[in-house]
Amino acid sequence: MSHPVRAARRRIQDEWQPLVAGVNDCADQVAEPWDTSRTTNPNRVVTPFRTALESTGLLEQLPRLLADAVDAAGCELQARPVAAPPYVTVTSRGPILRATIDPGRLVICFDAFEVVRNPVPAYRRLDGVRLDIALE
């Protein structure tokens, strides 16, 4: 793990835990009505997840988290991030944040669901939110 990635991870873990907990709560809210621990319908993940993040105000906070993580990495953003692609995207796994910085692209994933492909794709709620940060 590179220094910028470590610094960004540390900043998120130290300063943004309420937001991470909120993402987890939204994911729980999305999965709660499912009949089983998984669903094969991606529309039961992405749209409700985005709606839950919007209604709690978390979606609008994600660009600030991204800017703060970039700052912690000792880099500068080329433009101010917004709560829309290419900076913030809500996927079937969870929110993904991206920023182009001098050493490459900083990618922050909040994985709340996993995709299981056996035999058809299904979306299963993870136990919590797994934070994955990479410099590509």
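The structure this text deals with has already been given above.
Cut-offs used in this document
Residues numbered from 1 in each chain as written. Predicted model: local features only at pLDDT ≥ 70, side-chain atom pairs only at ≥ 80, totals over all residues. Heavy atoms only, no water. Helix = DSSP H or I, 4+ residues; strand = E, 2+ residues; numbered from the N terminus. Phe/Tyr/Trp six-rings, centres within 6.5 Å; stacked < 30°, edge-to-face > 60°. Buried < 20%, exposed > 50% of the residue type's maximum accessible area, 1.4 Å probe, protein only. Lys NZ or Arg CZ within 6 Å of the ring centre and 35° of its normal. Pairing = 2+ DSSP bridges.

Q: What is the right way to read unusual backbone geometry from this model?
A: Trans peptide bonds make up most of the peptide bonds, and negative phi angles are found at most residues other than glycine. Residue Pro-85 is joined to Pro-86 through a cis peptide bond whose omega torsion reads 10°. As for its position among the elements, Pro-86 is in the loop between α4 (58-72) and β2 (88-90).

Q: What is the right way to read the packing of aromatic side chains from this model?
A: Aromatic rings in a pair are described by how distant their centres are and how their planes are angled relative to each other. Per the counting criterion, the structure on display carries two aromatic pairs. Arranged with centres 5.7 Å apart and planes meeting at 45°, the rings of Trp-34 and Phe-113 form a pair that is tilted. You can see Trp-34 sitting in the loop between α2 (17-31) and β1 (38-39) and its partner Phe-113 sitting in strand β4 (residues 104-117), a full 79 residues away along the chain. Of the two residues, Trp-34 and Phe-113, neither departs from the other in class, the shared state being buried. Summarising the aromatic geometry, the rings of Phe-49 and Phe-113 are spaced 5.6 Å apart at their centres and angled 80° between planes, so their arrangement reads as edge-to-face. Of the two residues, Phe-49 is situated in helix α3 (residues 46-55) and Phe-113 in strand β4; the sequence distance between them amounts to 64 residues. An identical accessibility class is assigned to Phe-49 and Phe-113; each is buried. Taken together through their ring pairs, the aromatic side chains of Trp-34, Phe-49 and Phe-113 make up a single cluster. In this arrangement the basic side chain of Arg-125 is found over the ring face of Phe-113, its NZ or CZ atom lying 5.8 Å from the centre.

Q: Would you explain the pairing of strand β5 (residues 121-135) in this entry?
A: Looking along a regular strand, one sees side chains alternate from face to face of the sheet. Note that β1 and β5 share two bridges and pair antiparallel. Note that in β5 the partner of Arg-38 across the bridge is Arg-124.

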